[in-house]
Amino acid sequence: MLLCTPAIAQTKLTGDVQDKSAKGISFATVMLLKAKDSTLVKGGITSESGHYELETTAKGRFLVAAQQMGYQKVFSAPFELAEGTTTLNIPTLQAAELSQNLNEVKIVQKKPFVEQQIDRMVVNVENSIVSAGGTALEVLEKSPGVTIDRQNDRIQFKGRQGVMVMLDGKLQQISMQDLMNLLQSMPSDNIEKIELISTPPAKYDAAGNSGLINIVLKKNKNFGTNGSYTLGAGYGRYEKLNASLNFNHRNAKYNTFGSISGFHGRMFNTQDIDRTIAYRDQITYFDQNSPRVGKPQNLNFRTGIDFFLNKKTTLGVLATGFVNNFEMTGISSTDILDRNRTLTSRFATDAHNKMALNNLTGNVNFKRDLGKGRELTADVDYARFNGDASNELSTDYFTPDNRLSNRELVRNIMPSVINISAAKVDYVHPLKKGKFEAGLKSSLVSTDNDMRFELGVDNQWVLDPKRSNRFKYDENINAAYSNYSTQLNKKTSLQLGLRAEHTHSRGNSVTLNNIVERDYINLFPSAFLSRQLDSSHTLNVSYSRRIDRPNYRDLNPFVFFLDPFTFQEGNPNLRPQITNSIQVTHVFKGFLSTSLGYSRINDVIANQIPKQIASENKTFITTENLDHQDSYNLTVSLPLPIQKWWMMQSNISAFYNRFRSFYYGADLDVSQFGASVFVNNNFTLPKGYTAELSGFWNSPTQYNLLQARAQGQISMGVAKSFWNRKGSLRLTVNDIFFLNRFAGTVKYQDLDFRVMSRWESRQARVSFTYRFGNQNVKAARQRSTSTDDLRNRANQSQ
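What counts and how
Residues numbered from 1 in each chain as written. Predicted model: local features only at pLDDT ≥ 70, side-chain atom pairs only at ≥ 80, totals over all residues. Heavy atoms only, no water. Helix = DSSP H or I, 4+ residues; strand = E, 2+ residues; numbered from the N terminus. Buried < 20%, exposed > 50% of the residue type's maximum accessible area, 1.4 Å probe, protein only. Contact = heavy atoms within 4.5 Å. Areas by Shrake-Rupley, 256 points an atom, 1.4 Å probe, with all protein chains shown as cover. Core = buried A, V, L, I, M, F, W, Y, C linked by side-chain atoms within 4.5 Å. pLDDT = per-residue confidence, 0-100. Pairing = 2+ DSSP bridges. Salt bridge = Lys/Arg side-chain N within 4 Å of Asp/Glu carboxyl O. Phe/Tyr/Trp six-rings, centres within 6.5 Å; stacked < 30°, edge-to-face > 60°. Lys NZ or Arg CZ within 6 Å of the ring centre and 35° of its normal.

### Thoughts on the overall build of the chain
In terms of regular secondary structure, the chain is built from 4 helices and 47 strands. Within the chain, buried positions represent 53% of all 798 residues. Sequence-distant contacts, at least 24 apart, represent 66% of the contacts inside the chain between residues at least 6 apart. Carbon together with sulfur atoms contributes 56% to the accessible area of the chain, which is approximately 34700 Å² in total.

The following block contains the structure:
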């Protein structure tokens, strides 16, 4: 399919699509039409420079049409293709931007659920029926190449950990646990699209070894005053409610915009852990069952205003934030057995966990058009996170005949504060044969975590100083980058970038009187080469070097107890991990995309890695640096029109991961082949109805020491539009057959345990959306801020 070409004579049509300033329009749709009735003969897309090539065997009178979002459709003059014509150059097509008074234009063509662009894959969430009324985490789970490990609060992309998550281009600087809670309580109706960027260019911060996931929230695209609201409800084992409101007002002097959304509900999770602990000539078995009920509550807001000082200058102010509360209760029951599987004792732990995290971020942005394509932007940001986590455990110990022998009360309290200040400036300068970009950035981060461990003694709480700890962390990162892109010829484009970052950090464990200070400089080159081989084949090659610094929580040496025999411990000696990646992508006729990639990660930051104190029957998890990881991945993306009313999108990812290190007293060498498959079917039905049937499957894979079993689910939904497409009603059922669960095993040295977890993956939901106001207003500006990368590490540190 990729290599075969017709053996009959063809005519090659070439040309360019540009805007009114003679700048090429990238990835515009180009169509060869019959002049008589505009019947489509051939289609294609323009390159990054706006150039296109079409090949056809048809003869007769034709014309070429080109269109791209934000521009008016443009047509060439009619022309003849006669026998013997082998090449024909079409005069340049110049498309004007859509004017602001196209009140009667109605766009009815939908974007595909998954799009492959030159440097990223885009998941158009707002076009998905089964995503309606759900959460951001559930949508992310359905994204091609993304794997969600709910058991250990991990997100993988193309089989690799270390992916960084952004909201509207802003990296979320909170712990991975808090990030998972935030995504789990964020309504999916707020999301416009998800961008999966495997090799980001030098302009982006160097964090994220397996790339970036950018969740783009909806913004109004209309002039005047307009907006939308959504109401949704769902039920699995417990109820879930969500609501959101978006508004936008735009005139010649300013554009003000805002959104607010909320989620409230309950969720169920059950976890089974079976452990075998061998110590000397003894073998002890732990059989644990932990059903839990969670109560997530979330409120997100975003508001801002852009002042158009003149035609070339814009000044903007943006405020974002969230209030996230999560409470989980449950009683875990554990049986302790000897080597003969005879019950020796039992204990039950009543756990009450509370996690609160609030964020407020302010941004001031300045943008100046210096003329002739030159542009200067500057951002100043301040962000503050306030966290308050507590974990209260009441453990009853029983004899084999079920008599109460002892009761133990303990609790952890950990208030935390993260302050982030940052500023950046970016400059764009067009050259005769390309474009030059450069920028500077500086950031300051200060965190303060005060973990107090208390024992319940004589009806009062007594501080345990040996298991309490206050940890402070300060960090300063200064960065500079330059980026050059050029069109080597009509078929080949090149982009080269270099980013330099200087990092100085100081971790202070106040209670333990231990200070870890680091100072280092890193260079991060990147390169992108795109070659249009012919009208059907495009080849892209990219390379990047990236860094992942430990999150603030993992650096804190505190001990967090889950029960008397299970706990989590931080590691102040963690080093950053460095990733070198190369990727080759082939695009066939603008729709079939195949990517092959390789990466080497040095000093791998391995999260949730288990250890054991066999003499005390205790198992704990921590974060360690492993020597290196090799990762290979192959991804195929294929949109396939089955019928006019049936569109199928298939994405298949295969990967191979190998971890090698000296760990836990032995040479570690584990590897795993894996794959993930995603299929989405969209059906256009009569009378305004649409339907969707989708599913994904993730093969068994390796998470460091943990061998995870396969996961998957099938979902379906139906939608109805009415009131001139201003209103829509959607009904969905996720995981129809209740297949999605997590199960895995660890067998390494004296570690031997199995874990299985289930949650409310099967849910029925209903969602109603209404759009009001003028539907033709230009959208609020998309822009990143200077705290993007830092907020993600804060998201990973609570």
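### A look at the nonpolar core
Grouped burial of nonpolar side chains is what soluble globular proteins tend to show. Core analysis: the biggest nonpolar cluster contains 22 residues, and Leu626, Tyr663, Leu668, Leu705 and Phe742 have the highest contact counts within it. For this core, the secondary structure elements donating two or more residues are β36 (592-613), β38 (646-663), β39 (666-684), β42 (706-708), β45 (742-748) and β46 (751-759). The contacts of Leu626, once residues within four sequence positions are left out, are Asp603, Val604, Ala606, Ile609, Phe659, Ser661, Tyr663, Leu668 and Asn704. Formed by 17 residues, the second largest nonpolar core is a distinct cluster that contains Leu13, Val30, Leu32 and Val64.

### Considering the side chain of Thr276
By secondary structure assignment, the location of Thr276 is in strand β21 (residues 267-279). Given a relative accessible area of 13%, Thr276 falls into the buried group. In this structure Thr276 touches Ile283, Thr284, Tyr285, Asp750, Asp752 and Arg754, once residues within four positions along its chain are discounted.

### Observations concerning unusual backbone geometry
Although it is not a glycine, Asp603 adopts a positive phi angle of roughly 55°. Position of Asp603 among the secondary structure elements: in strand β36. The class for Asp603 is partly exposed, based on a relative accessible area of 26%. The phi torsion at Phe738 lies on the positive side, around 55°, for a residue other than glycine. Within the secondary structure, Phe738 is located in the loop between β44 (727-734) and β45. Judged by relative accessible area, which is 28%, Phe738 ranks as partly exposed.

### Brief notes about the confidence of the model for the chain
It should be kept in mind that the predicted coordinates are not to be read in detail where pLDDT is low. Of all residues in the chain, 83% attain a pLDDT of 70 or more, and the chain-wide mean is 83. Here helix α4 (residues 788-795) is the element of the chain with the lowest mean pLDDT, 54, and strand β28 (residues 460-463) is the one with the highest, 94. For the stretch residues 1-8, pLDDT sits under 50, and the model shows 8 contacts to residues farther than four places along the chain or on other chains. The low-confidence segment residues 100-109, where pLDDT is below 50, has 9 contacts with residues more than four positions distant or belonging to other chains.

### So, the pairing of strand β19 (residues 239-250)
The side-chain alternation of β19 yields one buried face, formed by Lys240, Asn242, Ser244, Asn246, Asn248 and Arg250, and one unburied face, formed by Glu239, Leu241, Ala243, Leu245, Phe247 and His249. Strand direction decides the pairing type here: strand β18 (residues 224-235) and β19, joined by 12 bridges, are antiparallel. Residue pairing in the sheet places Thr225 in a bridge with His249 of β19. Connecting β18 to the next strand, β19, in antiparallel fashion are 3 residues. Where β19 and strand β20 (residues 254-265) come together, 11 bridges link them in antiparallel fashion. If you follow Asn248 over to β20, its bridge partner there is Phe257. The antiparallel pairing of β19 with β20 creates a hairpin that spans 3 residues between the two strands.

### Considering the pattern of salt bridges
One pass over the structure, following the stated rule, counts 23 salt bridges. Among the salt bridges present, the one from Lys240 reaches Glu760, with a minimum N-O distance of 2.9 Å. Of this pair, Lys240 sits in strand β19 while Glu760 sits in the loop between β46 and β47 (763-773); the two residues are 520 residues apart in sequence, bridging distant segments of the chain. Each member of the pair, Lys240 as well as Glu760, is classed as buried. For the salt bridge of Glu616 with Lys618, the shortest nitrogen-to-oxygen distance reads 3.3 Å. According to the relative accessible area criterion, Glu616 is partly exposed, its value standing at 42%.

### Structural notes on the packing of aromatic side chains
Scanning all chains against the criterion turns up 20 aromatic pairs. Between Tyr632 and Tyr656, the ring centres sit 6.1 Å apart and the planes meet at 40°, which makes this aromatic pair tilted. Remark: Tyr656 occurs in strand β38 and Tyr632 occurs in strand β37 (residues 618-643); sequence separation between them is 24 residues. Here the aromatic rings of Tyr703 and Phe742 are separated by 6.4 Å at their centres, their planes lie at 45°, and the arrangement is tilted. Separated by 39 residues along the polypeptide, Tyr703 in strand β41 (residues 701-703) and Phe742 in strand β45 bring together distant segments of the chain. For the pair Tyr703 and Phe742, one class covers both residues: buried. Grouped by ring-pair contacts, the aromatic residues Tyr229, Phe722, Trp723, Phe768 and Tyr770 constitute a single cluster. The lysine or arginine in question, Arg275, covers the ring of Phe286, its NZ or CZ lying 5.0 Å from the ring centre.

### Side note on the environment of Thr684
Residue placement: Thr684 occurs in strand β39. On the basis of relative accessible area, Thr684 is assigned to the exposed category, the value being 51%. Apart from the residues lying within four places of it in its own chain, the contact partners of Thr684 are Trp645, Tyr689 and Thr690.

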